[in-house]
Structure formats: C-alpha cells, structure tokens
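Structural overview
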Amino acid sequence: ALELAEELWEELWDAGLPGDLPELEPECRSLLAAFAEGSAALTGCLGRRARPVRLCQGCYGHYRRLLAQYGSIAHAFGNSSESHNCARSILTSDRLQIVVTLAEFFNETWEAANCANCLKNNSEGLSNSTEEFLDLFNKSLTCFEHNLQGQASDLSPNNYTEVCKNCNETYTKLNDLYNHLQRLNRGGGESAHSAHLCIDVEDAMNITRKLWSRTFNCSVPCSDTVPVIAVSSFILFLPIVFYLSSFLHSKQKKRILILPKRIQSNASLVNIQEKYS
Amino acid sequence: MANVAKKVSWSGRDRDDDDERAGETTPLLNGTGPGAAGSARQLTPSSFLRIGQLSNVDLNEDIHELETELPRQRPNEIPHNEKLLSLKYESLDYDNSENQLFLEEERRINHAAFRTVEIKRWVICAMIGILTGLVACFIDIVVENLAGLKYRVVKDNIDKFTAKGGLSFSLLLWATLNASVVMVGSVIVAFIEPVAAGSGIPQIKCYLNGVKIPHVVRLKTLVIKVCGVILSVVGGLAVGKEGPMIHSGSVIAAGISQGRSTSLKRDFKIFEYFRRDTEKRDFVSAGAAAGVSAAFGAPVGGVLFSLEEGASFWNQFLTWRIFFASMISTFTLNSVLSVYHGSVWDLSSPGLINFGRFDNEKMGYKIQEIPIFIFMGVVGGILGALFNALNYWLTMFRIRYIHRPCLQVVEAMLVAAVTATVGFVMIYCSRDCQPIQGSSVAYPLQLFCADGEYNSMATAFFNTPEKSVVNLFHDPPGSYNPMTLGMFTLMYFFLACWTYGLTVSAGVFIPSLLIGAAWGRLFGISLSYLTKSSIWADPGKYALMGAAAQLGGIVRMTLSLTVIMMEATGNVTYGFPIMLVLMTAKIVGDYFVEGLYDMHIQLQSVPFLHWEAPVTSHSLTAREVMSTPVTCLRRIERVGTVVDILSDTSSNHNGFPVVESNPNTTQVAGLRGLILRSQLIVLLKHKVFVERANLSLVQRRLKLKDFRDAYPRFPPIQSIHVSQDERECMIDLSEFMNPSPYTVPQEASLPRVFKLFRALGLRHLVVVDNRNEVVGMVTRKDLARYRLGKEGLEELSLAQT
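In this text the structure is predicted, and so the values were computed from the model without any measurement. Along each chain, numbering runs from 1 in the same order as the chain's sequence is written. Each chain is given a letter, starting from A, and each ligand a number, starting from 1, according to the order in which they appear as written. Thresholds applied to this predicted model are a pLDDT of at least 70 for local features of residues and 80 or more for the giving and counting of side-chain atom pairs; totals over whole chains, interfaces and linings are not thresholded and use all residues. With hydrogens and water set aside, each side-chain value is computed from the structure's full complement of heavy atoms.

1. Brief notes about the UniProt feature "domain: CBS" (unreviewed entry) in chain B
To keep things clear, this is the line we draw: UniProt positions are given in the numbering used here, feature names are shortened, and annotations may be inferred rather than shown by experiment. Comment: elements are numbered from the N terminus, with helices defined as DSSP H or I runs of at least four residues and strands as E runs of at least two.
The feature "domain: CBS" (unreviewed entry), as annotated in UniProt, sits at residues 737-795 of chain B in this numbering. Counted over residues 737-795 of chain B, helix gives 27% and strand 37%. Its end C-alpha atoms are 33 Å apart.

Here it is in structure tokens:
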C-alpha cells in the first residue's frame, strides 16, 4: 500500500497538481494512533468516574499522558521538517480538525472541573490538602456507616440522633477544612474559575452536606422567632412614633407670602372686557 | 380705554416717585404697600386665575387706593405648597454685559489669544474628565471595601447565631450598624451642606436652566456629596451612587473652569477668562455628562443626558467638547479600576455599574414579544407614577414638618434601621434555598437552609443594590422563587420611595432599576409558566426591560436612558425594545404625574423656566407680567443713593436700569442702559467716583479683570464702607453699564417675552413705553409664575423660604 501511495504521489506530482495529497508519514501515523488511544482511555476514565465525581483523582495520569502526546504532535512545530509536516498534516489540513477539537474538549473539561486546584503543581499527584480532605471525607463516611449500622432497625428511619451526636466532630472538621480550603483558594486566585475548588472535593462535600442536613437532619438551627418578631416590630414601630410625634409637635413650616410689585390686574381685565364688548 | 390711560400715568408717576424717593432712603416701601394690601385678595383660591376676576374693576381700584393708607399688614403665612416660588433663588447672568470695558478688552486681545482660549477650553474638558473619573473610582473602591467589611461582619454574626440561637442580636447589630453609618452621612449633609442632599440632578438641572442655587457648585458640596454617598450606600439604604456622580462631575467642572477655589482661598491665576456665568454653564454641562459617563460607562449616554435633562442652552461645538470630557472620564475610570482590580490595562470595567454582558445566544427577541414589551412599559409607567405620587406626599410632609436638621437625621437613621429590619425579616421568613454555585454570590447567607445552600432572598437584600441588579439580570433561570421576587419588589418599592428625599446624598437610579428588574424577572418567570416553558422567555431579558420601564416611569427620560441602558449592557440588539418600553412608560406616566426630578424642582419652589410659555397665555401682556415700579439709577448718580438702594433689604434687586441723569432738560428720562448689583459693588469697593477722577489721583483705571476677580461671590454691600463725605460724591455709570439691554414694549405678549427671555438666558428684561421710558422689569420669577395647571393657567405666589 505504501508503494502504491508513493506511485500515486509521484503521478500527481508529475501532473503538476499542487498540494500535499497525502498519506501520512509513518511517524506521524504512530503519533496519531497514540493520541487516539490516549483520548479513548481518558474518555473512558472520565465516563466511569462521572458519578460520584472522581475525575481529578482518577484521570490525571491519562490527562497528562494525552497532553504529552498532543504536545509531541503540535509542539515539534518547526524542529525538523518531518515533525513539522506532522503538525501540519494532522492538525491543520482539514476543516474539521478533529484532533484539535478533541484536545480542546479535554482541556476545557479539565479547566471546568478545576482539577488543577487539587493537584500538585505539575499534575503529578494529588496535593497534600486534597489528600487530607479526602481522608477526612472517608473517615466521616465510615463514621456515618458505623453509626447507622449500630442503630439497627428498631428505630424509626427519621431518627438519626446517634449519627448526629457521634459524627459531629468529624463532620465539623471536614466542613471547616473545606471552608478553609475555599478561602485559601479565593485569596490566591483572581479569575472566576480558580475560585472553585476542584470538582472532586466540591462534590464530596456536597454529598456529605446533603446526607448530614437533608437525610440525617442533623443541622437544626435554633429558630428564635419570638425575639426576632419582638425586635423587628419594635424597630418598625419607631417610624410611626416619629412621624406622628413630628406631625403633632413640630411646628409646621409656614411660608411668608411676598406680594409682587406690579400693576394690579386691572389692565388685563380691561383687555378682556374690550374683547368681550 | 380711559382706564388704560390712567394706569399708564399712574405707573409713570410711580417711577418718578421712585427716582425722587431714591434719595430719601425710604425706597419701595410705599411701592410694596398696595401690594401688601392686595394680598388678601390674592389668597383666595380662585384668584390664581386672573382671568376669573372680571367683576368690579373700578371698585377694586378704589379699595386698594384706600388701603394704601393702612400700615403694612401682618405678613401672610401659609403652609408650604407646590404653588410657590421661593425668593431664595436668583438668576445667573448669562447675558454678556457689553460695556466699554468689555469692548476695550476685546480690542486688546488679538485673534491668536482667542485661539488659546479655545485650546484652554479643551484642556479644561480633559481635566474635568480625569478628575470626575478619579472621584468615581474613589467612591467605588471605598464603597466596595466598606460595604464588604460590613456584610462580612454581619454575615459572620448571623452564621454564629444561627447555630447557637439569638438571631435577634444579629438583627440588632445589622440595624445599628446601618443606622450609625447613615447617621454620620446624614449629619454631614444636614448640618454642613443641605444642598448636597438627594441625587443632585434636579439641582444641576436648575443650575443649567439659569437658576442660581446657593452653594450648589462649591468644593465643600463636592466633599460632602462624595462622603455622603459613600456613607449612605454603605449604610444599606435603598440608594445608588450613580446619580450623585452627576452632581460631583458638575462641581468639578465648575471648580476647574474657574482656576481657583474660594472655599480654599486659593487662586491659581489660570482660566480667568472663564470667570462668568455663561462659560461656567457650558463647563458644568460637560461635568454632568462626564459624571453620567463615569457612573454608567456610557459616554454617549452622558452627552445625551446632558442634552436631554440638563442643558437648557446648547450648541454644536459644545457637543463635541462634552463628548470629549465624557470619553476621558470613562477612560480614566477604566484604567484606574483595571489597575485596582489587578488586571492592568484590561479596560473592561467602564462604569461604576456594570450590567454585565448578555449572552449572544439568548439575546434575540421575536416579533411576538413586542406587545409584551409595550405592556411592560405600561406597567412601568403606572408603577413609576405611583412611586412619584407617594414620594410627592412624603416630600410635602417632610418640607412642612421635618425641617429641623436633627429631625432629618433621626428620620434617616430610622429609615436605615427599618431597611435593615425589613431585609432581615424577609430573609428570615424566606424558605427559598438555592445551591451555592461557586462564587457568584458575594455573601451567601445560609440561615435556615441546608448546608451548602444559601438563602435566595439574601442575594437580593443582603448586598449592595448594584450587585443585586446584576444578579437579577444574569442569574440563571430558576435562581429565584416567584414568591421571593414578589415580596422583594413590594418591599423595595416602598423602601426606595421612602428613602428618596431623605437628607442623605443618594441617587434613585439604582433602586428604580432594582425594583424594575425584580418585577421584570417575575414577569418573565410567570410568562414562561404560562407559555409552558418557551425558550424565548429568558427571565434576564425581562428583568432588563422591567428595569428600563421602571426607571423610565420614575424619571421620564427617554433618549439618554435608552442609550445609557444600551451602553451599560454593551448590547445594541435590545435598543429597539428598550426604546419602546421607555416611550410607553413615559407616555403612561405623564398621563398621571410628572417626572420625579421635575416634581422635586417644583416642590422646592424653584423658578424654573420650561422650554415654552404656557400655551394659553397669549392674552397676558408684558404690562401685566412685569414688576413695577422699577428702582432706576441715573447715569451720574450720587454715591449715597446707590448705597442706600443696594443696602435696602426689602428690595434685593440685582439689576438697575440706568436712565438719563437729568430729566429736567428733556421731557422724559429715557432708558440708557442696565447695571448689575455686582458691578455697582465692585465700583463702590474701588471707589470709582467722579470727584476722585477729577482730583486726578494716581488711580488705576478699572478693568474687566477687577469684576472677574470678585466673581462669583461678590461681597455684600454691608462689607463696603462708604464714609459720609464719599456719600456726597457722584458716580458715573455710563462706562460700566450695559448700554444696550434687551427691552420689550408693554404690549408684547407673555409667550413673546418668554421666548426672548428663555432663548437668550436673560436675567433682566426691561419693559419700556413708546417714549423709551422704563415702565417695568421682567425677571425670571415674573415669568415662572405662570404655569399650566389642571384648571388652566395658574399663577404661583412668591414666598420667603
């Protein structure tokens, strides 16, 4: 097949046809194949870890590899004539530019997930704070499980007091750590994106919070309606007193009329009388 | 006809009397006598309609000639109402006094010098833009930080007490914080500079119309205004910081163009050419435009605002200069804020308020939406009229009963505390919880929501109003419950209405936008319920239209508001719908009551001249409109006379017709010119007396510069000492008076007089008879008295305020 293509190429060249009607060069082809496999692996990884979200933890290896493969296609731009050809023929020679699109898609997904926020600087692994958070997260999940088991079936499903009491410490720690991380992140970053923590951490926290306050109903805020109503009605009552008292006691401002110096209106009356007579 | 003849002679006699009496130091008391007697009649409500008084002409005449003998009656006191004109306000002198000094100066300055004057104008405009932009930056940054601090403190407190109980303490903390911040803001306004209260747009409008509002363009006012705005926004009132930018820009313009500050007693000896009202007026309109441009990031909108709302005088050269000032202003704000926000030279935050971008995909609108937009305009017009009507009653009450500064401060504090309380109760009662989506919410309050969710009412109440507007425009569909929005609209409507007119400096733009955005969004949501979730019913779009409708319904601007909304959202596609909405809102609103700014101008009893005289006033002639008798001066007048006339407190006149000095030689004393009080004072101060000139003292000739140096705060007559000897000297006015004042004959109709007066920006218009004798004088208050009311032509009364 290679020879056939070679022949075809030569024929075309002789016929004076312009352009690079191409078979890919073997190096390029292998690069492309590697990229295809890499992206398949990454897609698989992303899909499998979509729920509960574990994207960043599980797929950063794939992502890094894919980045490298894409880099070897694109970045060799201009190094040698050969790889130059690769970049051009793979990346920019058609309208669809599927490789670029794929690479962009992965990049965007990665950015949207804010994975960089829980990885070490060069995406080698999870950062320390993330590890710490996940540890705590696992701990609280196990705590939930234990206490639920201990509670057994004799209690009504709505009564989770045991869980609330026993796991309160872990949960509070987890919550505090999360808030701390968030604050750190917000302080460092400027753009809107980096303000998010990475999706894994966010999702883990969301799950825990939902369990805690929705399912277990643990965070019952004290609603002190009576004092609030008292204080607010007191404040709302003040303006009425104020306006009434100023209406009754304040001296009404009077304006002193000044009479303009002018010919009394007779002239105009005369005018009108003339018109009517 | 006999009657007319009689009247002429009567008035002629009166003028003669006046001339003679001028020497006897009792001028004008007699002149006001008959008027005072007649006042009893004037008070009856029907007498506002002069045309209604057809009966018993002669009888009336007799009566009041009899009453002349009576001593002056007790002054008539009436409660404040809208049909008054205050004596406090004077006119600005837009008419150039072409006296000999002026001609000399013009001869001296050659053509090239006039070119440098032109260049100076541009330099001043650039400086106005830069300084306005910087002031806007300052306000923005300080508000952001202080408000951030306040909301963090309150939020931490609420978070703490939500867990432990005792939220009433958070409520108290919030209310106290608000009230104390507003107290400071209100104290500085009420006790130091009351003219800095409100948005300042009515005041600037009056200034540009030619009314001299005391203190309106002083440096002190600027300082109070800026601090006041910051404090009232931080204090959590339902106000915005955009309106006051217009006033700030105007003060900056007036200050820079004069090249000095009388408050600081510093004179930089530059821009002396511009020290008169006409030049200052042009710069002030540039300043107003620069203010709008800095506030909304809308340079074109700023120019149009200045054109539509502000400037009563306009020319094309001015437009381009004003546009220049606006551009510079928005660019300055842009660059400084970009540095402040850390992204240097990213010039993407053009205004104090940034409405954010509307997405391209959901940006379109379809033909079937046009009737919906028009309907929204109608709603906006009705709500705006309601807002204005409520505010009218409230303002009237305030003027009548809450006029002491302490009471005003207490009122402002109460409003601040109630605003906080209402917000808190609404948040407390709301069960509308939304999941936190990143950092889109600045201060997410959890309160009774589950962990990881925030109270959606809190995004609207627990935030500065500007941020709430942006949230309402751009939050994705489903961020707010209809219930939340409905309650918010209702509460905020009354809060905003209650707040406008307090003695704090604050604007009404943002609250109106917020009310409108809330009900607009509500409208959008219900629309998508009705149409079974149509894709085109994006609530953000309807929030924008609602905001435009509400603002248009309240302030009744059309052209400039359309452009401002377009520029602030960076979106031309919505131009046509916004225009439709604003047009409808204005038409509907005008059917009920007038715009908020015009209403406040009227309530302040300002003699404001509209574009046209009332339509049914052609039967009135100059003779009935004018004031008479007129205090005239002779061309060569005794100094004592001049001093007496000037220091007479009962007649605080500013312009005096100059007549021939010696009426005995010819039979009439024809009009020779017009001289202003300010000129007379400068003359007296420099003691330009005939005798002194004859003594050939080495006295420097007075130049135009001497008059300019005294501008704009001429010393009062009391501060000028004239000795007994000097009182006998003579003063020659012919060199200093304006030799060709505008005059009208007695028979000229009111619309004619009005047109002349209004178009030329006059301050005094002399009425003469056919022998060129001075019969009367028409001033601004004489013309502004006539107004088209509900029952036809009305006449306002003058009052001391």
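2. A closer look at the pattern of salt bridges
All names here are of chain B. The condition is simple: Salt bridge criterion: a side-chain nitrogen from Lys or Arg within 4 Å of a carboxyl oxygen from Asp or Glu.
Within the structure shown, the criterion is met by 29 salt bridges over all chains. A salt bridge links Glu105 to Arg708; the shortest N-O distance between them is 3.1 Å. With Glu105 in helix H4 (residues 100-108) and Arg708 in helix H27 (residues 704-710), this residue pair connects regions lying 603 residues apart in the sequence. Across the pair Glu118 and Arg121 runs a salt bridge whose closest N-O atoms are separated by 2.9 Å. Separated by three residues within a single helix, Glu118 and Arg121 lie in helix H5 (residues 111-164), roughly one turn from each other. By sharing partners, the salt bridges in this structure join Glu118, Arg121, Arg276, Glu279 and Arg321 into a single network.

3. Re the sheet that holds strand S16 (residues 774-779) of chain B
All names here are of chain B. As a reminder of what qualifies: Criterion used throughout: strands pair if DSSP finds at least two bridges between them. Here an angle of 0 to 180 degrees is reported between the N-to-C directions of two axes, which are lines fitted to C-alpha atoms, with helices fitted over the stretch in contact. In this description, contact between two residues means that some pair of their heavy atoms is separated by no more than 4.5 Å.
Spatial strand order, S14-S15-S16: three strands in an open sheet with mixed pairing. A strand with exactly one partner marks an edge of an open sheet, and here the two such strands are strand S14 (743-745) and S16. Across the sheet, the mean angle from the axis of one strand to that of its neighbour is 30°, orientation sign disregarded. Direction of pairing for S14 relative to strand S15 (residues 764-768): parallel, over a ladder of three bridges. The partner of Pro745 across the bridge, within S15, is Val768. Docked against the sheet, helix H29 (residues 750-760) engages S14, S15 and S16, running at close to 145° with respect to S15.

4. Description of the pairing of strand S12 (residues 671-676) of chain B
Residues and elements named next belong to chain B. Note the following rule: Burial status follows relative accessibility: with a 1.4 Å probe on protein chains alone, a residue under 20% of its type maximum counts as buried, one over 50% as exposed, and anything between as partly exposed.
Across the six residues that make up S12, a large majority, five, are buried. Note that strand S11 (residues 655-659) and S12 share five bridges and pair antiparallel. Looking at S12, one finds that Val658 is bridged to Gly673.

5. Observations regarding the sheet that holds strand S1 (residues 77-79) of chain B
Spatially, four strands are ordered S1(B)-S1(A)-S19(B)-S2(B) in an open sheet, and the strand pairing comes out mixed. The sheet is open, and its two edges are formed by S1 and strand S2 (84-86) of chain B, each paired on a single side. Taking each pair of neighbouring strands and ignoring which way they run, the sheet shows an average axis angle of 50°. Sheet topology note: the S2(B)/strand S19 (residues 797-800) of chain B ladder contains three bridges and is parallel. The partner of Leu84(B) across the bridge, within S19(B), is Ser797(B).

6. Details of the domain arrangement of chain A
Residue and element names in this part refer to chain A. Basically, it comes down to this: As annotated, the domain borders come from an automatic or database domain assignment. By buried area we mean the combined loss of accessible area, with a 1.4 Å probe, across both parts when two parts are placed together.
Assigned domains of chain A: these are domain 1 (19-113) and domain 2 (128-215). Taken together, the contact pairs 10 residues of domain 1 with nine residues of domain 2. The contact between domain 1 and domain 2 buries some 720 Å² in all, and 53% of this surface belongs to carbon and sulfur atoms. Considering only the surface of domain 1 that becomes buried against domain 2, Val53, Gln57 and Ala113 emerge as the three largest contributors, covering 51% of it. For the interface between domain 1 and domain 2, the tally reads one salt bridge. Between Asp203 and Arg51 there is a salt bridge, with its nearest N and O atoms 3.1 Å apart.

7. As for the environment of Leu67(A)
Residue and element names in this part refer to chain A. Secondary-structure assignment places Leu67 in helix H3 (residues 55-74). A relative accessible area of 39% places Leu67 in the partly exposed class. For the pair Leu67 and Ala41, spaced 26 residues apart in sequence, the C-alpha to C-alpha distance is 13 Å.

8. Here we look at the state of the cysteines
All names here are of chain A. Where we set the bar: The term disulfide is used for any two cysteine sulfur atoms that are within 2.5 Å.
Scanning the model with the defined rule gives two disulfides over all chains in all. The disulfide that involves Cys45 links it to Cys59, with 2.0 Å between the sulfurs. Taking the sign of the S-S torsion, -95° for the link of Cys45 and Cys59, the bridge is left-handed. Of the two residues, Cys45 is situated in helix H2 (residues 26-48) and Cys59 in helix H3; the sequence distance between them amounts to 14 residues. When its relative accessible area of 0% is taken as the criterion, Cys59 is described as buried. There is a disulfide in this structure between Cys56 and Cys115, and the S-S distance comes to 1.9 Å.

9. Examining the domain arrangement of chain B
Segmenting chain B into domains produces domain 1 (131-341), domain 2 (366-604) and domain 3 (622-798). Using only C-alpha atoms to locate each centre, domain 2 of chain B and domain 3 of chain B end up separated by 51 Å.

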